[in-house]
Amino acid sequence: MAFYQKSVEEAIQLCKQRRGVLVVFIRNNNGDSAYVEQILEQSDVVSIIRSKGEDVFLIRIEQGTRDYENLHSIYPVASIPAIQFIDGANGLLLFTSTAVDKESFINDLLEGLDTWQRERTDIPTASSSSQNIAGTHQQPSTVVRNNPNPEDDLYSQYVNPDNNSSSVPATASTPDVQAAVARAQERIAEIRRRREKEAEAAEKEKEAKRRDDGQLAKAAEKQRQERLAEQTRQDMEKERRQDAAHRQKILDQLKQDKEDRARRIEANKESHSSLPPTTVTNPGEVTFSPAIDMTRSKIQFRFQTSDNVRTFVGEFEAKDLLSSATDYAKKETGLKGDITLRQMYPRKDFKQSESGGLTLLELGLTPTAVLIVVPAGVSGGYWPSRSVGERG
């Protein structure tokens with residue numbers, strides 16, 4: 001346990017006699033106070049305190065008690081929990097810590113104890129100066145304090161609670177003691193000025209770091225904007241390339257359709273020119289030359305796929321029913337369900353439900369025919385009506 005086990009008055013008296021440091025832990029009932037108290041009782045923190053020697057007096061003061069009121073009237077605190085480091089040689093408040101995390105707390109603890117050790121080495125006390133100067137003359141001890149009013153001194157509150165007039169103030173001491181006190185006060189002022197300069201330099205360094213961080217943030221934002229602009233440019237370029245490729249594909253398909261249409265027209269002209277002349281035996285009756293075999297039917301089927309037009313040819317007997325041609329077309333295209341076989345010239349649709357019982361001869365599909373395979377559910381605009389096989 002690192003806390004001083006006796007009374008606060010005894011701790012102050014002993015700390016003053018041994019020129020130690022009074023480490024005052026001010027607490028209340030909040031959770032932060034309990035947490036800091038647990039840190040103070042941990043073995044590594046106790047080892048740090050004990051490593052500074054036996055002149056470190058750690059006391060605990062509860063908010064609202066008489067000890068707290070006496071201390072707060074001289075060394076006020078802004079928040080609780082807090083730890084104050086008070087020099088026992090002269091009553092100076094060396095350092096105050098309000099840290100509540102262990103790492104910051106240990107840093108503040110070391111800072112407070114190191115400050116006391118530096119003050120202990122650098123700042124002479126009036127009592128020691130008087131002994132050195134006055135020799136064998138017994139002079140009253142004088143405490144060098146940061147508080148200008150003797151009545152506000154922490155030690156006066158505990159050691160001289162009545163603050164009687166028998167106490168000898170510093171102004172009543174010998175000239176040698178007064179000179180020692182003046183030198184001590186000048187030394188204290190010098191240390192304060194040095195600390196102020198160090199704090200100013202640290203603040204300037206922080207400000208420079210903030211400016212550097214701001215410049216880094218601006219540079220990072222600029223780089224992000226540049227990356228975003230480059231990504232946008234690449235996306236637009238990719239979209240333009242895709243549009244150009246799509247347009248070229250359409251143009252190539254139109255060219256191919258035009259060439260196919262020209263070939264079909266030329267083929268139809270040749271087939272019509274090779275047919276033998278017809279003879280009229282009776283009015284209203286047309287008979288073909290015996291050279292044409294009307295007992296067979298050669299049908300060219302056309303089927304629109306996702307990429308192009310597929311063409312295939314089937315040969316049937318003239319007496320075969322329409323269902324034979326329908327089944328053949330479904331087998332070649334892989335279609336399921338009902339289909340329609342569409343004749344473009346003259347425009348006519350052959351459906352199994354309507355014409356399935358008629359022969360190809362009865363339907364006029366001999367000796368040759370060109371039929372478009374239309375899947376079920378496709379509207380009449382599946383093929384344009386300009387010419388056989390023309391695509392819109």
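Residues numbered from 1 in each chain as written. Predicted model: local features only at pLDDT ≥ 70, side-chain atom pairs only at ≥ 80, totals over all residues. Heavy atoms only, no water.

Trainee: I'd like a description of a nonpolar patch on the surface, backed by residues and values.
Mentor: On the surface, Ile 250, Leu 251 and Leu 254 cluster together to form a nonpolar patch covering roughly 280 Å² of accessible area. Residue position: Ile 250 is located in helix 8 (residues 175-273). (Patch = residues over 30% accessible without salt bridge, like charges linked within 9 Å, V, L, I, M, F, W, Y side chains within 5 Å. Areas by Shrake-Rupley, 256 points an atom, 1.4 Å probe, with all protein chains shown as cover. Salt bridge = Lys/Arg side-chain N within 4 Å of Asp/Glu carboxyl O. Helix = DSSP H or I, 4+ residues; strand = E, 2+ residues; numbered from the N terminus.)

Trainee: I'd like a description of the confidence of the model for the protein, backed by residues and values.
Mentor: When pLDDT is averaged along the protein, the result is 78; 77% of the residues meet or exceed 70. Across residues 125-155 the pLDDT falls below 50, and counting only partners more than four positions away or on other chains, this stretch makes 61 contacts in the model. Every residue in residues 157-172 scores below 50 in pLDDT, and together they form 17 contacts with partners more than four places removed in sequence or on other chains. (pLDDT = per-residue confidence, 0-100. Contact = heavy atoms within 4.5 Å.)

Trainee: Outline unusual backbone geometry, listing residues and values.
Mentor: Cis peptide bonds are those with omega within 30 degrees of zero, and the linkage from Tyr 345 to Pro 346 qualifies with -10°. Residue Arg 19 is not a glycine yet carries a positive backbone phi of 55°.

Trainee: Outline the packing of aromatic side chains, listing residues and values.
Mentor: Inspection of the entire model under this criterion finds 8 aromatic pairs. Aromatic side chains Phe 316 and Tyr 328 sit 5.7 Å apart centroid to centroid with 85° between the ring planes, which places their arrangement in the edge-to-face category. In this pair, Phe 316 is assigned in strand 8 (residues 309-317) and Tyr 328 in helix 9 (residues 322-333), connecting sequence segments 12 residues apart. Aromatic rings pair up to connect Phe 301, Phe 312, Phe 316 and Tyr 328 into one cluster. If you follow Arg 60 out to its NZ or CZ, it ends over the ring of Phe 3, 4.1 Å from the centre. (Phe/Tyr/Trp six-rings, centres within 6.5 Å; stacked < 30°, edge-to-face > 60°. Lys NZ or Arg CZ within 6 Å of the ring centre and 35° of its normal.)

Trainee: Can you lay out the pairing of strand 4 (residues 93-97) for me, pointing to particular residues and giving the numbers?
Mentor: Summarising the sheet, strand 3 (residues 82-87) and strand 4 pair through 4 bridges and their orientation is antiparallel. Opposite Gln 84, over in strand 4, you have Thr 96 as the bridge partner. Between strand 3 and the antiparallel strand that follows it, strand 4, lie 5 residues; Gly 91 among them carries a positive phi value of about 75°. (Pairing = 2+ DSSP bridges.)

Trainee: I'd like to hear about helix 3 (residues 43-51), residue by residue, with values.
Mentor: Turning to helix 3, its buried residues number three or more, namely Val 45, Val 46, Ile 48 and Ile 49. Looking down the long axis of helix 3, one finds its buried residues gathered within 155° of arc, a one-sided arrangement. Opposite the buried face of helix 3, at more than 90 degrees from it, the exposed residues are Ser 43, Arg 50 and Ser 51. Directly beyond the C-terminal end of helix 3, a positive phi value near 105° is found at Gly 53. (Buried < 20%, exposed > 50% of the residue type's maximum accessible area, 1.4 Å probe, protein only. Arc of directions from axis to C-beta.)

Trainee: Tell me about the pattern of salt bridges, and please be specific about residues and values.
Mentor: Tallying each qualifying case throughout the model produces 27 salt bridges. Residues Arg 296 and Glu 317 are paired through a salt bridge, measuring 2.7 Å at the closest nitrogen-oxygen approach. Here Glu 317 lies in strand 8 and Arg 296 lies in strand 7 (residues 296-304), a separation of 21 residues in the sequence. The exposure class assigned to Arg 296 is partly exposed, which follows from its relative accessible area of 33%. Its relative accessible area of 31% is what places Glu 317 among the partly exposed residues. Salt bridges sharing partners connect three or more residues here, namely Arg 27, Glu 37, Glu 41, Arg 60 and Glu 62.

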